[in-house]
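# Examining the three-dimensional arrangement
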Amino acid sequence: TQPISASPSTVNFGNLTIGGPRVSLPASFTNVSGSSVTITGFSSPALPFYVPNPPANGTLGPGATVHFTVDFTPPGSSGNFDHVFGAVATLETNAGNFGVPLSGSAAPSALINIVPTALSFGNVPLGSSATLNFDVGDEGAQTLTITQSTPPTTNGFTATSSLPVNTQVDANTSVQESVQFTPASLGPVSATWLLEGNDTSGLQTVTMTGTGITASPPPPTDNYSYTPGGG
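Everything in this summary refers to the structure shown in the same document. Every chain's residues receive numbers from 1 upward, in the order its sequence appears when written. Reporting in this predicted model follows two pLDDT cut-offs: at least 70 for local features of residues, and 80 or more for side-chain atom pairs to be given and counted; totals over whole chains, interfaces and linings ignore these cut-offs and use all residues. Excluding hydrogens and water, the side-chain values take into account all heavy atoms of the structure.

## So, the overall build of the chain
Stated formally: Runs of H or I in DSSP of at least four residues are treated as helices and runs of E of at least two as strands, each being numbered from the N terminus. In this setup the radius of gyration rests on C-alpha atoms only. A globule is expected at 2.2 Å times the number of residues raised to 0.38. Burial here depends on accessible area, computed with a 1.4 Å probe over protein chains only, as a share of the maximum for the residue type. Under 20% is buried, over 50% is exposed, and the range in between is partly exposed. Residue contacts follow a heavy-atom distance rule, with two residues in contact if any of their heavy atoms lie within 4.5 Å. Accessible areas in this description were obtained via Shrake-Rupley with a 1.4 Å probe; residue shielding takes into account the shown protein chains only.
Looking only at helices and strands, the chain features 0 helices and 18 strands. Taking 2.2 N^0.38 as the reference for a compact globule, 231 residues should give roughly 17 Å; the C-alpha atoms of the chain span a radius of gyration of 32 Å, well beyond that estimate. For the chain, the spread of C-alpha atoms along the principal axes amounts to about 125 × 40 × 25 Å. A buried classification covers 35% of the 231 residues belonging to the chain. In the chain, 69% of the contacts between residues at least 6 apart in sequence involve partners at least 24 apart. Just so you have it, the chain exposes about 12300 Å², and 51% of that area is on carbon and sulfur atoms.

Laid out in structure tokens, this is it:
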């Protein structure tokens, strides 16, 4: 059994935004043996990890713990891809060296992308309906979270799909939304679907237009019948 135990066993910062703020996580080493251990040094991890206050040299008695924090500062650029980092923070003792693995990555933030941003239903006869779709995608490298979704409810436009707030769209994927137009009156009308994500793009608007027209009359029915007979 190893005399020194790390807690947590690994320090994982997850996937952070490039150029984002420094994040600090706690870690510790505990003497789980029945004898004292002498700390002789500490090997700090390579950047972008940093341990501002490493454990000091000295005696670590049975059951004693040394606490420290690990900082991870995402670099300012990683290109349009995830940049994964790994390192080890190592406690050096007279009983051997004991490390805790560190991991973290930096990636571009989420980026909402809506295609198309305008739905044109054209002419739709009264009493009929038409449906069109649009895609809500994430062109970034982190998960997009929908923070506002206000679907159309007027002028005969109705959302037939659901994109509620807090919906998550994975990086480089999209979800399809559908709108139905059932005109209730003659003439052109319009409506909008307002959307916003946790990226920096701000409020997005999907515009929909359509025109209600008179339904074509049914074809005439010929009720005349001829029955051949004498005469």
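## What about the side chain of Asp 71?
The condition that has to hold: For the purposes of these results, a polar contact is taken to be a pair of N or O atoms within 3.5 Å, where, inside protein, one atom must be able to donate a hydrogen and its partner to accept one; residues adjacent in sequence count only when each atom of the pair is a side-chain atom.
Along the chain, Asp 71 falls in strand β7 (residues 65-72). Take Asp 71: its relative accessible area is 7%, and that puts it in the buried class. A polar contact is formed between the side chain of Asp 71 and the side chain of Ser 24, at a distance of 2.5 Å. Not counting residues within four places of it along the chain, the set of residues in contact with Asp 71 comprises Phe 13, Arg 22, Val 23, Ser 24, Pro 48, Phe 49, Tyr 50 and Pro 52.

## What about the environment of Val 70?
Mapped onto the secondary structure, Val 70 falls in strand β7. Here Val 70 falls in the buried class, since its relative accessible area comes to 0%. Sequence-wise, Val 70 and Val 136 are 66 residues apart; in three dimensions their C-alpha atoms are separated by 37 Å. Every residue in contact with Val 70, bar those within four places of it in the chain, is listed here: Phe 13, Val 23, Ser 24, Leu 25, Phe 49, Tyr 50, Val 51 and Leu 102.

## Some remarks on unusual backbone geometry
Here Ser 7 and Pro 8 are connected by a cis peptide whose omega angle stands at -5 degrees. Geometrically, the link from Val 115 to Pro 116 is a cis peptide bond, its omega value of -15 degrees lying close to zero. If you trace the backbone, Pro 116 turns up in the loop between β10 (112-115) and β11 (118-125). The residue Asn 155 is not glycine, and still its phi comes out positive at about 60 degrees.

## Let's talk about the environment of Asn 31
By the secondary structure assignment, Asn 31 is in strand β3 (residues 23-31). Residue Asn 31 is classed as buried on the basis of its relative accessible area of 1%. Between the alpha carbons of Asn 31 and Ser 201 there is a distance of 50 Å; along the sequence they are 170 residues apart. In this structure the side chain of Asn 31 is engaged in a polar contact, spanning 2.6 Å, whose partner is the side chain of Ser 33.

## Quick word on the packing of aromatic side chains
So the rule is basically this: Think of it this way: a Phe, Tyr or Trp ring, Trp meaning its six-membered ring, pairs with another when their centres are within 6.5 Å, and the plane angle makes it stacked under 30 degrees, edge-to-face over 60, tilted otherwise.
Throughout the structure, instances matching the rule amount to 10 aromatic pairs. Note on Phe 121 and Phe 157: the rings are 5.7 Å apart at their centroids and 55 degrees apart in plane angle, and the pair reads as tilted. Of this pair, Phe 121 sits in strand β11 while Phe 157 is found in strand β14 (residues 157-159), placing the two residues 36 residues apart along the sequence. Overall, Phe 157 belongs to the buried group, its relative accessible area being 1%. By way of ring pairs, the aromatic residues Phe 13, Phe 49, Phe 72 and Phe 85 are connected into one cluster.

These values are about where atoms sit, not about what they do.
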